[in-house]
Amino acid sequence: MIKKIALRSALLLMIIFALPVQAVKITPAPPQVAARAYIVIDADTGKVIMASREEERFPPASLTKMMTSYILESELTKGNVSKSDLVPVSVKAWRAPGSRMFIQEGTQVLLSDLMKGIVIQSGNDASVAVAEYIAGSEAAFADMMNQHAVQLGMNNSHFMNATGLPAEEHYSSAKDLALLAQAIIQRYPEHYGVYSEKYFTYNKIRQPNRNKLLWRDDSVDGLKTGHTDAAGYCLVASAKRDGMRLITVVMGTKSEEARAQESQKLLAYAFRYFRTHKLYDAGQVLEMTKVWAGQQDKLRVGLTDAMAITIPRGESEQLQAVLDLDKVIKAPIQKGQSFGTLKVMLEGKLVAEAPVVALESINEAGFVQRIWDAIALFFYNLIN
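I will try to describe carefully the structure that is included in this document. (Residues numbered from 1 in each chain as written. Predicted model: local features only at pLDDT ≥ 70, side-chain atom pairs only at ≥ 80, totals over all residues. Heavy atoms only, no water.)

So, on to the pairing of strand 15 (residues 298-302). Where strand 14 (residues 285-290) lies against strand 15, five bridges are found, and the strand directions are antiparallel. Bridging across to strand 15, Lys-290 finds its partner in Lys-298. Inspection of the sheet shows strand 15 paired to strand 19 (residues 349-358) by two bridges, in the antiparallel sense. By the bridge assignment for strand 19, Gly-302 is matched with Val-357. (Pairing = 2+ DSSP bridges. Helix = DSSP H or I, 4+ residues; strand = E, 2+ residues; numbered from the N terminus.)

Below you can see the structure in the form of structure tokens.
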């Protein structure tokens, strides 16, 4: 049973059967981006708006610390560690080269301070201290990093340390880092605020966040910078405007200023020419469909998860939703059981698809009712 159904978006409610011919809307070509690799995605839908060499493997430098902070956030959420924990500082952490939080060997530091040291000050010393505290050693922590990477679908990433300091077989991709940023934002929103903090002072040393966009664009609230000679200047940024959140990744730019400017190009283009529309809520009733041999004769069906799509601005009126349900649905029915598919089309192309499931359970009817329904269903199948 295939039918067109109502499309619900944040902007309009409509049922599409036949649409008048409209003027063709043209989306300008993406800007030229001076980076070795880049990507911009919608954080809610995962839609890739523009990208180049996004799956190629490159040194991620201190963007690595996003995975370090992600694991810390995961451990905090699970209750395995607490922000009030006092973390001992080892000689290895104290001697970590490169950018530092300036913790001292032999002291104990609040885990909450180390988290800020990792994210805001990009402290290699803080990263090693946290890695050792969570996993016992930095090598064991790197194993955790790689396990989490697999779970997140980061297929072009492999970590050898918690800092991003150069090492063989330590790499990531623009796409993978965008996935990681998306996970940080969506899974641990209670910790996300630290990524927008502009300064952090520890040991009487005040250091600024290296993400220049935090000063230039009020809609930007994260995430992380990175730089080594091999990696170039890198930046993962996120911004939210009018309810739409974007994530950008630039890798291998030539300077601190360049990584900020190229990220601004991506944000400006994507916000100006694309829009995210929420079409259906989780659990929203899409259809009341016939049930055979059940204790009730109608079943509410819908989606398990909310559905949203990211498309060029001005094209929402061209969207068409098609509900393809099983022709015959018989009890017993379990809530969550799939009975079809919802497809959303734009100018004949599939832009979103999700299984349509039972929003309730229905028990099998009594013997007499099942007999009557079996007879009725026989004639129904003859006719149809």
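Next up on the list: the pattern of salt bridges. Summed over the entire model, instances satisfying the criterion amount to 12 salt bridges. A salt bridge links Glu-56 to Arg-53; its shortest N-O distance comes to 3.0 Å. Glu-56 sits in the partly exposed class, given a relative accessible area of 36%. Two residues, Asp-125 and Arg-100, come together in a salt bridge whose shortest N-O distance is 3.8 Å. (Salt bridge = Lys/Arg side-chain N within 4 Å of Asp/Glu carboxyl O. Buried < 20%, exposed > 50% of the residue type's maximum accessible area, 1.4 Å probe, protein only.)

All right, on to the side chain of Ser-69 then. Mapped onto the elements, Ser-69 comes out in helix 1 (residues 65-78). For Ser-69, a relative accessible area of 1% translates into the label buried. A distance of 3.0 Å separates a polar atom in the side chain of Ser-69 from the backbone oxygen of Met-66. The residues touching Ser-69, leaving out its near neighbours within four places in the chain, are Val-119, Ile-184 and Tyr-195. (Polar contact = N/O pair within 3.5 Å; in protein donor to acceptor, adjacent residues only side chain to side chain. Contact = heavy atoms within 4.5 Å.)

With that settled, the discussion passes to the environment of Glu-132. The residue Glu-132 is located in helix 4 (residues 124-135) in this model. Along the primary structure Glu-132 and Ala-178 are separated by 46 residues, whereas in three dimensions their C-alpha atoms are 26 Å apart. Only 2.6 Å separates the side chain of Glu-132 from the side chain of Ser-90, close enough to count as a polar contact.

Evaluation of the coordinates by the stated rule reveals five aromatic pairs. The interplanar angle of 50° and the centroid separation of 5.3 Å between the aromatic rings of Tyr-269 and Tyr-273 together place this pair among those described as tilted. Placement of both Tyr-269 and Tyr-273 in helix 8 (residues 256-273) is noted, with a separation of four residues, approximately one turn of the helix. Using a relative accessible area of 28% as the deciding quantity, one classes Tyr-273 as partly exposed. Between the aromatic rings of Tyr-269 and Phe-274, the centroid separation amounts to 6.1 Å while the plane-to-plane angle is 55°, which identifies the pairing as tilted. Each member of the pair, Tyr-269 as well as Phe-274, carries the same accessibility label: buried. Of the aromatic side chains, those joined through ring pairs into one cluster are Tyr-269, Tyr-273 and Phe-274. Of note, Arg-206 hangs over the ring of Tyr-199, and the distance from its end group to the ring centre comes to 3.7 Å. Note that Lys-290 overlies the ring of Trp-292, its terminal NZ or CZ placed 4.7 Å from the centroid. (Phe/Tyr/Trp six-rings, centres within 6.5 Å; stacked < 30°, edge-to-face > 60°. Lys NZ or Arg CZ within 6 Å of the ring centre and 35° of its normal.)

As a further point, take the sheet that holds strand 10 (residues 220-228). Read across the sheet, five strands follow the order 5-4-12-11-10 without closing on themselves; strand pairing throughout is antiparallel. What marks the edges here is a single partner per strand, and that holds for strand 5 (48-52) and strand 10. The average angle at which neighbouring strand axes cross in this sheet is 5°, direction not considered. With four bridges connecting them, strand 4 (residues 37-42) and strand 5 associate as antiparallel partners. Each bridged residue has a counterpart across the sheet, and for Ile-39 the counterpart in strand 5 is Ala-51. (Axes fitted to C-alpha atoms, helices over the stretch in contact; angles between N-to-C directions.)

Honestly, it's all geometry; don't read function into it.
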